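Read off the chains here:
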Amino acid sequence: MSILPGSTIGILGGGQLGRMLTLTAKRLGYQVHIFSPDFDTPAGEVADLAITGPYNDTEALSRFAQAVDVVTIEFENIPVTALKTLEAQVPVYPQPHVLEMAQHRGREKAFLSQLGIPLAAFRVVASEAELSDALTEIGCPCVLKTAGFGYDGKGQSKITTPDQALPAFNALQQAPCTLEQFITLDREISVIAARGANGAFSAYRPVENQHQNHILDVTLAPASISAELEAQAIAITRQIMEALDMRGLLCVEFFITQDGQLLVNELAPRTHNSGHYSIEATACSQFEQQLRAVCGLPLGNPELIKPAAMANLLGDLWSNDEPHWAAGLAQADVSLHLYGKKEARPGRKMGHITALGSSPEAAATKVLAARSALSVILKNQQI
Ligand SMILES: Nc1ncnc2c1ncn2[C@@H]1O[C@H](COP(=O)(O)OP(=O)(O)O)[C@@H](O)[C@H]1O
Ligand SMILES: [Mg+2]
């Protein structure tokens, strides 16, 4: 059964992904209710209704469920008990078992390796003894990552010599972790794909992601990789979605090693920062595609209309003063997205800009020039 425009979509989480999902849902004629533990969220600001409550408030969850026709997410770390409470009353996509797997790096990697999908060598670490064994098996350099709640490189540390491992584990409060081989990267790419009703599948082309301090900095669409790697990355994404029998959107982050091998880094069962370019550069953005998938509508066309590049705007850009908006917007073909966050902190994603171009590199040149213009404050020359 399709959930048609005019119906109400419930979104768990109130961040910028929820905001862009909400804005798209409004364009399509839906009502949107947000459920989030935080007040004054980027998504809540644009939704029809924002409910604030902890994810373990069963009563508030039930009231939320009663008022919506389908529930989806913008954030994968929603307690599974909350998802199950909701699922008893209303369809939830992606399904709870998908989030349960993706919430824990150890479970995610075990699931992927069971499917025979290539990964960096890893071990699950829950004690000092396991850390020591894992270190012997994996060797240095390696990366220690908390199993849960990691994002933008938080909760991870690179270990170059064995004596750094225990202090790193202690700094993570000896929380359950994975220790993985450090990969010398040629580049990083991601694939976003949707799976709708009756197993319908649709993928965006792989894009290239460049990070700064473990945070996505720039995405180039499409990635400049061989047709063979492109097909392989999409086939792996499809295999994962089918094995999960999931409905919704999945982003698969890949490493490409220096000898050209594709390794899966991690999964995000939702829209992804590396897909923001799709708002301007495709007929059906990742946000619309997630809505179509969860509502059981035909999937949209993911084809790239023109090469594009996206650059994140982090709170650092606000460190001297308000960014120089007029100078940034004076650059041709650049679209600005701001998330309505009240406080700019270093490393916090405040917005992004996207440019189209004749090639991904040409688009990147434009978007980077626009971002530089934002941070150049020419006090007496404000446009
Ligand atoms: N094993 C690794 N080898 C090399 N680089 C890595 C490795 N793990 C993480 N990184 C770098 O750190 C970034 C963030 O790590 P990731 O595991 O994706 O965590 P997060 O959940 O913070 O996105 C990656 O995109 C990559 O640039
Ligand atoms: Mg990542």
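Please refer to the structure higher up on the page.
A brief structural summary. All figures in this text were calculated on a predicted structure; none of them were measured in a lab.

Now for helix H3 (residues 80-87). Because each turn of an α-helix spans 3.6 residues, side chains separated by three or four positions in sequence point in the same direction. Taken as a whole, H3 has its buried residues at Val80, Ala82, Leu83 and Leu86. End-on view of H3: buried residues confined to an arc of 155 degrees, all on one side of the axis.

Glu253 (OE), Glu253 (OE) and Glu266 (OE) make up the full set of protein donors to the magnesium ion (ligand 2), lying at 2.0 to 2.7 Å. You can see glutamate 253 sitting in strand S13 (residues 248-257) and its partner glutamate 266 sitting in strand S14 (residues 262-268), a full 13 residues away along the chain. The class of glutamate 253 is buried, set by a relative accessible area of 15%.

In this model, the second largest pocket occupies a volume close to 220 Å³. Met20, Leu23, Thr24, Ile279 and His337 are the residues nearest the centre of the second largest pocket, which is lined by 14 residues in total. Contributing elements (two or more residues each) for the lining of the second largest pocket: helix H1 (16-27), helix H9 (278-281) and strand S16 (334-338). With five residues, H1 is the single largest residue contributor to the lining of the second largest pocket. Class assignment for the residues of the lining of the second largest pocket results in six nonpolar, five polar and three charged. Residues lining the lining of the second largest pocket come from more than one domain, with at least three contributed by each of domain 1 (8-92) and domain 3 (185-381).

Turning our attention to the sheet that holds strand S4 (residues 70-73). Strand order in the open sheet formed by four strands is S3-S2-S1-S4, with parallel pairing between adjacent strands. The open sheet is flanked by strand S3 (49-52) and S4, the only strands paired with a single partner. Looking at each pair of strands side by side, their axes are set apart by 25 degrees on average, direction ignored. Across the sheet, H1 touches strand S1 (8-12), strand S2 (31-36) and S4, and the angle it forms with S2 is around 165 degrees.

Here we come to the pattern of salt bridges. What the rule picks out here adds up to 19 salt bridges. The partner of arginine 195 in a salt bridge is aspartate 245, and the shortest N-O contact between them spans 3.0 Å. Residue arginine 195 is located in strand S9 (residues 185-195), and its partner aspartate 245 is located in the loop between helix H8 (227-244) and S13; the two are separated by 50 residues in the primary sequence. Three or more residues are tied together by salt bridges with common partners; here these are Arg19, Glu45 and Lys342.

The next subject is the site of ligand 1. Close contacts around ligand 1 come from 19 residues, with Lys145, Gly153, Glu188, Asn265 and Glu266 the closest. In this structure, aspartate 152 approaches ligand 1 through a main-chain N or O atom, which is 2.9 Å from an oxygen atom. In this structure, glutamate 253 approaches ligand 1 through a side-chain N or O atom, which is 3.1 Å from an oxygen atom. Relative to its free-state accessible area of 550 Å², ligand 1 is covered by the protein chains to the extent of 92%. For the shell around ligand 1, the secondary structure elements donating two or more residues are strand S6 (142-146), strand S8 (177-181), S13 and S14. Of the residues in the shell around ligand 1, the class split is five nonpolar, seven polar and seven charged.

Another aspect to go through is the pairing of S9. Most of S9 is tucked away, with eight of its eleven residues classed as buried. Note that S9 and strand S11 (residues 207-212) share three bridges and pair antiparallel. Counterpart to serine 190 in the pairing with S11 is valine 207. Between S9 and the antiparallel strand that follows it, strand S10 (residues 201-203), lie five residues; asparagine 198 among them carries a positive phi value of about 55 degrees.

The rules behind each value
Note that residues are indexed from 1 along each chain, following the sequence as it is written. Note on labels: chains are lettered from A, ligands numbered from 1, in written order. Since the coordinates come from a predicted model, pLDDT governs what is reported: local features require at least 70, and pairs of side-chain atoms require 80 or more to be given and counted, while whole-chain, interface and lining totals use all residues. To get the side-chain values, take all heavy atoms of the structure and skip hydrogens and water. Per-residue accessibility, obtained with a 1.4 Å probe over protein chains only, is compared with the maximum for each type, and a residue is labelled buried under 20%, exposed over 50%, and partly exposed between these values. Starting at the N terminus, helices and strands are each numbered in turn, a helix being any DSSP run of H or I of at least four residues and a strand any DSSP run of E of at least two. Think of it as the arc spanned by the lines of direction from the helix axis to the C-beta atoms. Coordination partners: N, O, S within 2.8 Å of the metal, 3.2 Å for Na, K and Ca; water not considered, so apparent gaps in a site are possible. The pocket and cavity definitions rest on a 1 Å grid over protein atoms only: a 1.4 Å probe that fits but cannot leave marks a cavity, an open set with protein on both sides within 12 Å along at least five of seven lines marks a pocket, and residues lining either have an atom within 4 Å of a point. Grid points are joined across faces, edges and corners, and a volume is the space filled by probe spheres set on the points. Residues were grouped as follows: Ala, Val, Leu, Ile, Met, Phe, Trp, Tyr, Cys and Pro as nonpolar; Asp, Glu, Lys and Arg as charged; and all remaining residues, including Gly, as polar. Domain start and stop points were drawn from an automatic or database domain assignment. What makes two strands pair is DSSP finding at least two bridges between them. Only the stretch in contact is used when a helix axis is fitted, and all axes are lines through C-alpha atoms; the angle between N-to-C directions ranges over 0 to 180 degrees. Whether two residues are in contact is decided by their heavy atoms, any of which lying within 4.5 Å being enough. Any carboxyl oxygen of Asp or Glu that lies within 4 Å of a side-chain nitrogen of Lys or Arg is treated as forming a salt bridge with it. Here a residue is near a molecule or strand as soon as one of its heavy atoms is found within 4 Å of it. Nitrogen and oxygen atoms within 3.5 Å of one another constitute a polar contact, given that in protein one can donate a hydrogen and the other can accept it, and given that sequence-neighbouring residues count only through two side-chain atoms. Computed with a 1.4 Å probe, the accessible areas rest on the Shrake-Rupley method; for each residue, only the protein chains presented here act as cover.

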